[in-house]
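What follows is the residue order along each chain.
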Amino acid sequence: MAKIILAGGSGFIGQLLAGHFTGKGDEVIVLTRSKNSTLGKVKYVHWDGQTTGAWVNELEGSEVLINLSGKSVNCRYNEKNKQEILSSRINATKVLGKALAMLKSPPPLWINAASATIYRHAEDRPQDEFAGELGTGFSVDVCKQWEATFFEQHIPGVRKVGLRIAIVLGKNGGVMPYFFNVARFGMGGKQGNGRQYFSWVHENDLTAIIDFFIVHKELEGIFNVSSPNPIKNSEFMATVRKAVKMPFGLPATKWMLKIGVWALRTETELILKSRWVIPTRLQQAGYKFKVENIERAVKLSGSR
């Protein structure tokens, strides 16, 4: 039985990983800003994401640390939220590095979440870890600083892997409930011009990829975590409509999306940016994707 540490593991991906590891019989400890508690097979330990404390002892002798900490980007990018989005990621990564340096037996693997949105808007060619071009703007700057902070932490004996994660499709959260609901109400047409690429990864692959890094101790550095088959927005929306048996879908123009995301308190970038990302390093390392096509990914995500 391995001890797995999830820093900031209360969100969709964190709960997914917690269920995955407890299902295998592992001990899972989630570092949370809430009070200490135990829920099912998961132990929740309080931390503030900024300073060391009693929580540091939980990391001693663990198998892997997975850092998912950071304020959700699904919000309006006002100055207050922008500062929190950046500081929550930078501070948590720094204090985890400090904590690991304090341990007698630190975890041999530290996985830090990052985002595939670090690449530029791309409709001309796919972006990978070797030839991909980084973008500009607030979201990209956050990604750059987050990754830089992570790789600045040097702890002897600790292997570091940074995951540029695409949009995760799954049953119990994430983006799919939104897309299913939009399609059911007849609004599931293309968004914007529909030509922007949608890079995605199914939750079954995300958990399997984490396991892959635990087993393959020779792997380190940056990896794209995305399906090898990204698709255009228009194709994705057509797949969602088919899943909910809706024969038509009204398109959403850019100005309509601006109104919609304002009401939802989020940003159009999350929908309109063309993320054409492919997982070259993972495939070169020998990882075989479990869910390669969008039809199966949407079906597995359920359309309750």
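## Let's talk about the sheet that holds strand E7 (residues 159–165)
Link 1 in the chain: The strand order across the open sheet built from eight strands is E3-E4-E2-E1-E5-E6-E7-E11, with neighbouring strands paired in mixed fashion. For this open sheet the edge positions go to strand E3 (37–39) and strand E11 (221–225), each flanked by a neighbour on one side alone. Each adjacent strand pair in this sheet contributes to an overall mean axis angle of 25°, direction not counted.
Link 2 in the chain: Two elements, E3 and strand E4 (residues 42–46), share three bridges in a ladder whose sense is antiparallel. Residue pairing for E4: Ser37 is matched across the bridge by Tyr44.
Link 3 in the chain: Packing of helix H1 (residues 12–23) onto the sheet brings it into contact with strand E1 (3–7), strand E2 (27–32), E4 and strand E5 (64–67), and relative to E1 it is tilted by some 175°.
Link 4 in the chain: In the packing of helix H2 (residues 79–101) onto the sheet, contacts are made with E1, E2, E5 and strand E6 (109–115), and the angle to E6 comes to roughly 175°.

## Section: the packing of helix H6 (residues 233–243) against helix H10 (residues 294–301)
Link 1 in the chain: One can describe the packing of H6 onto H10 by two numbers: an axis separation of 10 Å at closest approach and a directional angle of 45°. Considered as vectors, H6 and H10 are oriented oblique to each other. As for how H6 packs across H10, the hand of that crossing is right-handed. Together, Glu235, Phe236, Thr239, Val240 and Ala243 of H6 and Ile294, Glu295 and Val298 of H10 make up the contact between the two elements.
Link 2 in the chain: When grouped by side-chain class, the residues that make up the contact of H6 with H10 number five nonpolar, one polar and two charged.

## As for the nonpolar core
Link 1 in the chain: In terms of nonpolar packing, the biggest core is built from 36 residues, with Ile66, Ile111, Leu163 and Phe213 touching the most fellow members.
Link 2 in the chain: With seven residues, helix H5 (residues 203–215) is the largest single contributor of residues to this core.
Link 3 in the chain: Dropping the residues within four chain positions of it, Ile111 is found in contact with Val64, Leu65, Ile66, Asn67, Val161, Leu163, Ile210 and Phe213.
Link 4 in the chain: Ranked by size, the runner-up nonpolar core spans 20 residues in total, among them Ala7, Leu31, Leu65 and Leu96.

## Thoughts on the packing of aromatic side chains
Think of a pair of aromatic rings as described by two things: how far the centres are apart, and how the planes are tilted against each other in angle.
Link 1 in the chain: By the definition in use, this model includes 13 aromatic pairs.
Link 2 in the chain: Relative to Phe138, the ring of Tyr77 has its centre 5.2 Å away and its plane inclined at 65°; by these criteria the two rings are edge-to-face. With Tyr77 in the loop between E5 and H2 and Phe138 in helix H3 (residues 138–152), this pair connects stretches of sequence that are 61 residues apart.
Link 3 in the chain: Residue class for Tyr77 comes out buried when judged on its relative accessible area of 17%.
Link 4 in the chain: Ring centres of Tyr178 and Phe179 lie 5.0 Å apart, and the angle between their planes is 65°; this geometry places the pair in the edge-to-face category.

## Examining H5
Link 1 in the chain: When the terminal C-alpha atoms of H5 are compared, their 19 Å separation across 13 residues agrees well with the 18 Å that a helix rising 1.5 Å per residue should span.
Link 2 in the chain: Among the 13 residues in H5, eleven count as buried, and that is most of the element.

## A word on the side chain of Asp205
Link 1 in the chain: Locating Asp205 in the fold gives a position in helix H5.
Link 2 in the chain: Among buried charged residues, Asp205 stands out as having no salt bridge; its nearest opposite-charge side chain is Lys290, 6.2 Å away.
Link 3 in the chain: Not counting residues within four places of it along the chain, the set of residues in contact with Asp205 comprises Tyr287, Lys288, Phe289, Lys290 and Val291.

## As for the pattern of salt bridges
Link 1 in the chain: Tallied over the full model, the rule gives nine salt bridges.
Link 2 in the chain: With a closest N to O distance of 2.8 Å, Lys80 and Glu84 form a salt bridge. Note that Lys80 and Glu84 are positioned in helix H2 at a spacing of four residues, about one turn of the helix.
Link 3 in the chain: Take Lys80: its relative accessible area is 58%, and that puts it in the exposed class.
Link 4 in the chain: Glu133 is paired through a salt bridge with Arg125; the nearest N and O atoms lie 3.3 Å apart.
Link 5 in the chain: For Glu133, a relative accessible area of 36% gives the class partly exposed.

## Quick word on H3
Because an α-helix packs 3.6 residues into every turn, residues spaced three or four apart end up facing the same way.
Link 1 in the chain: Taking 1.5 Å as the rise per residue, H3 with 15 residues should run 21 Å; its terminal C-alpha atoms sit 21 Å apart, in good agreement.
Link 2 in the chain: What H3 keeps buried is the set Ser139, Val140, Val142, Cys143, Trp146, Glu147, Thr149 and Phe150.

## Looking at the packing of helix H4 (residues 176–184) against H6
Link 1 in the chain: Running from amino to carboxyl end, H4 crosses H6 at an angle of 75°, the nearest separation of the two axes being 9 Å. One finds that H4 runs roughly perpendicular with respect to H6. Across the interface between the two elements, Met176, Phe179, Phe180 and Ala183 of H4 pack against Phe236, Met237, Val240, Arg241 and Ala243 of H6.
Link 2 in the chain: Its residues assigned to classes, the contact of H4 with H6 shows eight nonpolar, no polar and one charged.

## What to know about the pairing of E1
Link 1 in the chain: Burial analysis of E1 places five of its five residues in the buried class, which makes it a mostly covered element.
Link 2 in the chain: Judged by which residues are buried, E1 turns out to be covered on both faces: Lys3, Ile5 and Ala7 on one side and Ile4 and Leu6 on the other are all buried.
Link 3 in the chain: Sheet topology note: the E1/E2 ladder contains five bridges and is parallel. Following the sheet pairing, Ala7 is matched in E2 by Leu31.
Link 4 in the chain: Handedness of the crossover joining E1 and E2 through H1: right-handed.

Quick notes on the rules
- Residues numbered from 1 in each chain as written.
- Predicted model: local features only at pLDDT ≥ 70, side-chain atom pairs only at ≥ 80, totals over all residues.
- Heavy atoms only, no water.
- Pairing = 2+ DSSP bridges.
- Helix = DSSP H or I, 4+ residues; strand = E, 2+ residues; numbered from the N terminus.
- Axes fitted to C-alpha atoms, helices over the stretch in contact; angles between N-to-C directions.
- Contact = heavy atoms within 4.5 Å.
- Parallel < 35°, antiparallel > 145°, perpendicular 65-115°, else oblique.
- Left-handed = near helix turned anticlockwise from the far one by under 90°.
- Nonpolar A, V, L, I, M, F, W, Y, C, P; charged D, E, K, R; others polar.
- Core = buried A, V, L, I, M, F, W, Y, C linked by side-chain atoms within 4.5 Å.
- Buried < 20%, exposed > 50% of the residue type's maximum accessible area, 1.4 Å probe, protein only.
- Phe/Tyr/Trp six-rings, centres within 6.5 Å; stacked < 30°, edge-to-face > 60°.
- Expected span 1.5 Å × (residues − 1).
- Lys, Arg positive; Asp, Glu negative; His and termini not counted.
- Salt bridge = Lys/Arg side-chain N within 4 Å of Asp/Glu carboxyl O.
- Right-handed = clockwise from strand over helix to strand, strands pointing away.

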